[in-house]
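Notes for the structure review
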Amino acid sequence: MRFRVDRDAFAEAVAWTARALPARPAVPVLAGMRLELPTDSGQLRLSSFDYEVSAQAAVDVEAEESGAVLVSGRLLAEIARNLSPQPVDFSCDGSRALVNCGSARFTLLTLPLEDYPSLPEMPGITGSLAADAFAAAVRQVAPAASRDDTLPMLTGVHMSFSGDSLSLAATDRYRIAVRELWWQSEYSDLDTSALVPARTLADTGRSLVSGSNIGIALSAVSAGAGTAPSHGEGMIGFENNGRRTTTRLIDSDFIKYESRFPTDFTARAEVSKAKLIEAVKRVALVADRNSPLRLSFTETEVLLEAGSGDDAQAREVLDVKYEGEPMRIAFGPEFFLDGLGAVETETAHLASPCRPSPP
């Protein structure tokens, strides 16, 4: 295999593909990145796989000789990232791969290509939406997912598809984040859901190209009279700007969360999001890991407090618009900042739900 490629395009494609490389590969070949240049093709295909997540990218090259090779993915990513801004020449010589760029020359040992597993086939595209909108929704919801692998259900983001509506939800038992948005489905009567690993979904959201669309591919969709089967059972795929990611779904039912969001409130507050975030960060400096941040609302202001007794203490007052009964609430500072960070408007709205009447 032999080709020449633009340095920036090559480095970007390699770095993106390297995201799916396992930190601790179960077998040595999974640390490899497969580079393939098909016959009579001007595109180099790069892929990585860890039996759970796969990543595939393509980059235009000046092809001289077709072929395929498996090299250390992380080493290639480091090399590509540090190359000078000149064309990159890549070639294979027996059990070695050669990378030349300007006056720099690298020799990489190859891994046994025949031992590398076949990548899962991408399911058919079920629908699409703006990449910026999807990335924002993932950024708002994914932080609420749990990082405790003993409860796999809570480590995922629940994606619910209903016609042209897409909902994302996540919880770690202490908080719930939900975001609804519009998407363009290939099935007018689509009704299905998928529980996607939050870590993979967050990585996907961060890597999307702004101003483009993302296609979402479900392994099976319920439409009309039955289920439309597709390749990749128990999987979901994402396609954006010529790059594809697939991941296995979490095989578990998600909680029924709709009733957790009240519709009636006894108190409401409006406050500048930026000022509230800065105040929370300052006051939380004295709060240890298990200490809450306390907020007390009156008609014109909110008092933020942390610490008590003989410990360090902090307090700060902000102006607010407030109506309703007096409200005093407490949060873990990190949880509260995660919630505020998901707010896209300049003003944050806080509300206290009505308590059910005693029997």
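Structure shown above.
As a starting point, this report considers the structure included with it.

1. Digging into the sheet that holds strand β9 (residues 104-109)
Strand order in the open sheet formed by five strands is β5-β1-β7-β8-β9, and the pairing between neighbours is antiparallel. Only two strands of the sheet have a single partner each, and these edge strands are β5 (62-65) and β9. Neighbour-to-neighbour, the strand axes of this sheet turn through a mean angle of 15°, independent of strand direction. The sheet contact formed by strand β7 (residues 88-93) and strand β8 (residues 96-101) spans six bridges and is antiparallel. Bridged to Val88 within β8 is Cys101.

2. Let's talk about the packing of helix α5 (residues 273-283) against helix α6 (residues 333-341)
Where α5 contacts α6, the axes come no closer than 11 Å and their chain directions differ by 160°. In terms of their interaxial angle, α5 and α6 are classed as roughly antiparallel. As α5 runs across α6, the sense of the crossing is left-handed. Every residue of α6 that contacts α5 at Lys273, Leu276, Ile277, Val280 and Lys281 is listed here: Phe336, Leu337 and Leu340. A class-by-class count of the residues in the contact of α5 with α6 yields six nonpolar, no polar and two charged.

The rules behind these values
Residues numbered from 1 in each chain as written. Predicted model: local features only at pLDDT ≥ 70, side-chain atom pairs only at ≥ 80, totals over all residues. Heavy atoms only, no water. Pairing = 2+ DSSP bridges. Helix = DSSP H or I, 4+ residues; strand = E, 2+ residues; numbered from the N terminus. Axes fitted to C-alpha atoms, helices over the stretch in contact; angles between N-to-C directions. Parallel < 35°, antiparallel > 145°, perpendicular 65-115°, else oblique. Left-handed = near helix turned anticlockwise from the far one by under 90°. Contact = heavy atoms within 4.5 Å. Nonpolar A, V, L, I, M, F, W, Y, C, P; charged D, E, K, R; others polar.

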